[in-house]
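Listed here are the chains, written in short residue letters.
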Amino acid sequence: MLPDNELDWVDEVLSTARSVRRKLDFDRAIERGVLLDCIDVAVQAPTGIPEESWRFVVVDDLRQKKAIAEQYHEQLVNVLKSRDLPMKPTHKALVDRLHEIPAMIFVCVDGEPNEDSIGSHVAYYGSVLPAAWSLMLALRARGIGATWTTLLSACQPQIREILGMPRGTIQTIMLPVGYTKGAVLKRAQRRPAEQVTFWNTWGTLKQRSLK
Ligand SMILES: Cc1cc2nc3c(=O)[nH]c(=O)nc-3n(C[C@H](O)[C@H](O)[C@H](O)COP(=O)(O)O)c2cc1C
């Protein structure tokens, strides 16, 4: 068990890995070694079968970033249009400067789901998304902000071409990353554990103080 002061730090990192779209230092490159350190943490996540099918594609090349930013913009506009939603200023801020982001990290899978069943999809994405979240936390702990984005997963062929990905590989989430600049990251407003935790049977809630 960690001592209380270290536990507080761990909980703080886990609870404050918020999306950072605006308050990023777009002019400060992230050392490749730092990104590799974070990926080394990420690959300690649980993984299923086949093991270690995760692959990470880090993009810091301007030409590729521009091409990816174009795809992202197109996807965002399409999604908002289809849902009849306005573009939030925070989303606009990211999309406007996405090509300037110091790096984009794609969390990919070498392989495709075997079959179209819930179990297969749970195992497939469940073998890579824990690593993606660990990556976001490792970045957060080093003062690097990110946003969990999935918009580009809808355009596999286009991104596959930009990244030179072979057939039979999938990209899942993309983290646009940069050192934070003036960002104050706080806990989100969420329902407390007692309201979302059932004991033994679905729907059975208990107060924290009751045994
Ligand atoms: C499954 C999933 C997909 C998401 N996709 C995007 C995305 O494509 N672009 C984006 O800007 N944010 C995306 N987000 C980030 C959410 O919009 C973000 O979590 C939300 O802004 C709430 O902010 P918070 O995480 O700091 O509480 C996604 C989040 C999740 C969980």
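Residues numbered from 1 in each chain as written. Predicted model: local features only at pLDDT ≥ 70, side-chain atom pairs only at ≥ 80, totals over all residues. Heavy atoms only, no water.

### With respect to the overall build of the protein chain
Item 1. Along the backbone of the protein chain there are 8 helices and 4 strands.
Item 2. Going from N to C terminus, the protein chain has its helices and strands arranged as α-α-β-α-α-β-α-α-β-α-β-α.
Item 3. For a compact globule of 211 residues, the expected C-alpha radius of gyration is about 17 Å, and the protein chain comes in at 19 Å, within 12% of that figure.
Item 4. Reported as C-alpha extents along the three principal axes, the dimensions of the protein chain are approximately 60 × 45 × 40 Å.
Item 5. Per-residue burial for the protein chain yields a buried fraction of 37% across its 211 residues.
Item 6. As presented, the protein chain carries roughly 13200 Å² of accessible surface, and 52% of it is formed by carbon and sulfur atoms.
Item 7. If you average the places of the 27 positive and of the 25 negative side-chain charges in the protein chain, the two averages end up 8 Å apart. (Helix = DSSP H or I, 4+ residues; strand = E, 2+ residues; numbered from the N terminus. Rg over C-alpha atoms; globule rule 2.2 N^0.38 Å. Buried < 20%, exposed > 50% of the residue type's maximum accessible area, 1.4 Å probe, protein only. Areas by Shrake-Rupley, 256 points an atom, 1.4 Å probe, with all protein chains shown as cover. Lys, Arg positive; Asp, Glu negative; His and termini not counted. Charge placed at Lys NZ, Arg CZ, Asp CG, Glu CD.)

### As for the site of the ligand
Item 1. Around the ligand sit R18, S19, R21, Y72, H91, T147, W148, T149, T150, L151 and R190, and that is every residue in its neighbourhood.
Item 2. Note that an oxygen atom of the ligand is positioned 3.0 Å from one of the backbone N or O atoms of S19.
Item 3. Relative to its free-state accessible area of 620 Å², the ligand is covered by the protein chains to the extent of 59%.
Item 4. When its residues are assigned to classes, the shell around the ligand shows 3 nonpolar, 5 polar and 3 charged. (Near = heavy atom within 4 Å. Polar contact = N/O pair within 3.5 Å; in protein donor to acceptor, adjacent residues only side chain to side chain. Nonpolar A, V, L, I, M, F, W, Y, C, P; charged D, E, K, R; others polar.)

### Quick look at the nonpolar core
Looking at soluble globular proteins, one finds that nonpolar side chains tend to be buried together.
Item 1. In terms of nonpolar packing, the biggest core is built from 28 residues, with F56, L135, L139, L175 and V177 touching the most fellow members.
Item 2. Those elements that place two or more of their residues in this core are α2 (32-42), β1 (54-59), β2 (103-110), α6 (129-141) and β4 (169-179).
Item 3. Among the elements that take part in this core, α6 stands out by supplying 6 residues, more than any other.
Item 4. Ignoring any residue separated from it by four or fewer positions in sequence, one finds F56 in contact with I39, A42, V43, F106, V107, A131 and L135.
Item 5. Listed in part, the 24 residues of the second largest apolar core include L24, F26, V59 and A69. (Core = buried A, V, L, I, M, F, W, Y, C linked by side-chain atoms within 4.5 Å. Contact = heavy atoms within 4.5 Å.)

### Concerning empty space enclosed by the protein
Item 1. Per the stated rule, a full pass over the model turns up 1 cavity of 30 Å³ or more.
Item 2. Along its surface, the largest cavity is lined by A17, R18, V20, M136, L139, R140, I144, G145, A146 and L185.
Item 3. Mapped by element, the contributors of at least two residues to the lining of the largest cavity are α6 and β3 (144-145).
Item 4. With 3 residues, α6 is the largest single contributor of residues to the lining of the largest cavity.
Item 5. Residues belonging to the lining of the largest cavity are distributed by class as follows: 7 nonpolar, 1 polar and 2 charged. (1 Å grid on protein atoms, 1.4 Å probe; cavity = no way out; pocket = protein on both sides within 12 Å on 5 of 7 lines; lining within 4 Å. Points joined across faces, edges and corners; volume = space filled by probe spheres on them.)

### Regarding the pattern of salt bridges
Item 1. The final tally for this structure, using the stated rule, is 5 salt bridges.
Item 2. A salt bridge links K92 to D96; the shortest N-O distance between them is 2.6 Å. Pair noted here: K92 and D96 are both in helix α4 (residues 89-97), with a separation of 4 residues, about one helical turn.
Item 3. For D96, a relative accessible area of 40% gives the class partly exposed. (Salt bridge = Lys/Arg side-chain N within 4 Å of Asp/Glu carboxyl O.)

### Points about the side chain of T16
Item 1. Checked against the element boundaries, T16 lands in the loop between α1 (4-15) and α2.
Item 2. Take T16: its relative accessible area is 1%, and that puts it in the buried class.
Item 3. Here E12 takes part through its backbone oxygen, which lies 2.6 Å from a polar atom of the side chain of T16.
Item 4. Setting aside its immediate chain neighbours within four residues, T16 contacts R140, L185, K186 and R187.

Geometric descriptors of this kind do not, in isolation, establish any biological role.
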